[in-house]
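Working through the structure, step by step
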Amino acid sequence: MPTPRIRTVLLALTLVAVPTASVAYAAAEPPAASPATAASSAAGPAVAAATGLDDPAKKDIAMQLVSSAENSSLDWKAQYGYIEDIGDGRGYTAGIIGFCSGTGDMLDLVELYTQRKPGNPLATYLPALRAVDGTDSHEGLDPGFTAAWKQAAKDSAFKTAQNDERDRVYFNPAVSRGKQDGLGTLGQFAYYDAIVMHGDGGDSTSFSNIRKRALAKAKPPAQGGNETTYLHAFLDARVWAMKQEEAHEDTSRVDTAQRVFLNKGNLNLDPPLDWKVYGDSFHIG
């Protein structure tokens, strides 16, 4: 399990915000045909498709929401080649979910990519990535690592590896835990955004401990609680966790985004969606 990770957005990001951009929410990744869909009419009525955050259209919305906070852009697919040191003590931050050289998940990603495609542009940096894991050091990575990352990002195999690691480490665990707690799409997204920023390690600001803090205040639907009440408790706990580090003092990704959807009763995260992050306005129609 990767160590806790911090995600923050610098105003100096080279990716420009897309204020009030109207973006269609087509599926991020073409969904495989379900057995229910493929079944003949003789087999009876089809089983309902996924209705949570793992529904392809909802998943694409989730990627856009996270990208608005991580990259000041809704175009999450343009972030495979993103890489910079944002000065948060985690070394290089890169890719669609902010894999970090100092927290283990970037190392896991490059190892997976190299297993699938030996001799790729990043393979020679594996010893250095192992050496800097747990630190903010660039030793052995500079000066060529950022260029190698951008080169690799042109390879569909590397993009697929990023998607797979995002799902394995962050998306799937968050959605699974959310469903176990009886949460709908918005609640599952709140879990996902929290695990993206905080990781799921053992420290007090990790996702699991944010959830424990919320459970001390309210019960989730799976335990007979009210979903809205519980989600407010979870977002309160999330804000507390963010404020424990100076880099996260701006809590707008909760206050003027997730909390806005919750206050409107949009537990299914249905478009149209309007929110603000770090003062920038966004729209999904």
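Predicted, not measured: the structure shown is a model, and the values here were computed from it. (Residues numbered from 1 in each chain as written. Predicted model: local features only at pLDDT ≥ 70, side-chain atom pairs only at ≥ 80, totals over all residues. Heavy atoms only, no water.)

Examining the overall build of the protein
Counting its secondary structure elements, the protein contains ten helices and six strands. Approximately 12200 Å² of the protein is accessible, and the part contributed by carbon and sulfur atoms is 53%. (Helix = DSSP H or I, 4+ residues; strand = E, 2+ residues; numbered from the N terminus. Areas by Shrake-Rupley, 256 points an atom, 1.4 Å probe, with all protein chains shown as cover.)

Quick look at the nonpolar core
Residues F145, W149, Y192, F234 and W275 are the most contacted members of the largest nonpolar core, which totals 75 residues. Excluding residues within four positions of it along the chain, F234 makes contact with A190, Y191, A194, F207, I210, R211 and A214. (Core = buried A, V, L, I, M, F, W, Y, C linked by side-chain atoms within 4.5 Å. Buried < 20%, exposed > 50% of the residue type's maximum accessible area, 1.4 Å probe, protein only. Contact = heavy atoms within 4.5 Å.)

Brief notes about the packing of helix α7 (residues 185-198) against helix α10 (residues 252-263)
Where α7 contacts α10, the axes come no closer than 10 Å and their chain directions differ by 165°. The orientation of α7 relative to α10 falls into the category roughly antiparallel. Every pair of crossing elements has a handedness; the one defined by α7 and α10 is left-handed. Residues L186, F189, A190, D193 and M197 of α7 touch α10, and the partners they reach there are R253, Q258, F261 and L262. (Axes fitted to C-alpha atoms, helices over the stretch in contact; angles between N-to-C directions. Parallel < 35°, antiparallel > 145°, perpendicular 65-115°, else oblique. Left-handed = near helix turned anticlockwise from the far one by under 90°.)

What to know about the packing of aromatic side chains
Enumeration according to the criterion identifies 13 aromatic pairs in this entry. Measuring from ring centre to ring centre gives 4.8 Å for Y191 and F234, while their planes differ by 50°; the resulting arrangement is tilted. Residue Y191 is located in helix α7, and its partner F234 is located in helix α9 (residues 227-242); the two are separated by 43 residues in the primary sequence. Accessibility classification places Y191 together with F234 in one group, the buried group. With centroids separated by 6.2 Å and ring planes inclined at 75°, the aromatic side chains of F261 and W275 adopt a geometry described as edge-to-face. Here W275 lies in strand β5 (residues 273-277) and F261 lies in helix α10, a separation of 14 residues in the sequence. (Phe/Tyr/Trp six-rings, centres within 6.5 Å; stacked < 30°, edge-to-face > 60°.)

Things to note about helix α3 (residues 105-116)
The end-to-end C-alpha distance of α3, which contains twelve residues, comes to 17 Å, matching closely the 16 Å that a straight helix rising 1.5 Å per residue would cover. Along α3, the residues that are buried comprise D105, M106, L107, L109, V110, L112, Y113 and T114. Next to the buried residues of α3 lie β3 (93-94), β4 (99-100), α4 (126-132), α5 (145-152) and α6 (156-180). (Expected span 1.5 Å × (residues − 1).)

Some points on the packing of α7 against helix α8 (residues 207-215)
Between α7 and α8, whose axes approach to 9 Å, the crossing angle comes to 135°. Overall, the two elements α7 and α8 adopt an arrangement that is oblique. Here Y191, A194, I195 and H198 of α7 come into contact with α8, specifically with F207, I210 and R211. Looking at side-chain class alone, the contact of α7 with α8 contains five nonpolar, one polar and one charged residues. (Nonpolar A, V, L, I, M, F, W, Y, C, P; charged D, E, K, R; others polar.)

Description of the confidence of the model for the protein
The pLDDT averaged across the protein works out to 86; a share of 82% of its residues lies at or above 70. Low pLDDT, under 50, characterises residues 1-49; the stretch is placed with 107 contacts to residues that sit more than four places away or in other chains. (pLDDT = per-residue confidence, 0-100.)

Some points on the side chain of T205
For T205, the location among the structural elements is in the loop between α7 and α8. A distance of 2.6 Å separates polar atoms of two side chains, one belonging to T205 and the other to D203. If we ignore the near neighbours within four places in the chain, the residues touching T205 are H198, I210, W240, A241 and Q244. (Polar contact = N/O pair within 3.5 Å; in protein donor to acceptor, adjacent residues only side chain to side chain.)

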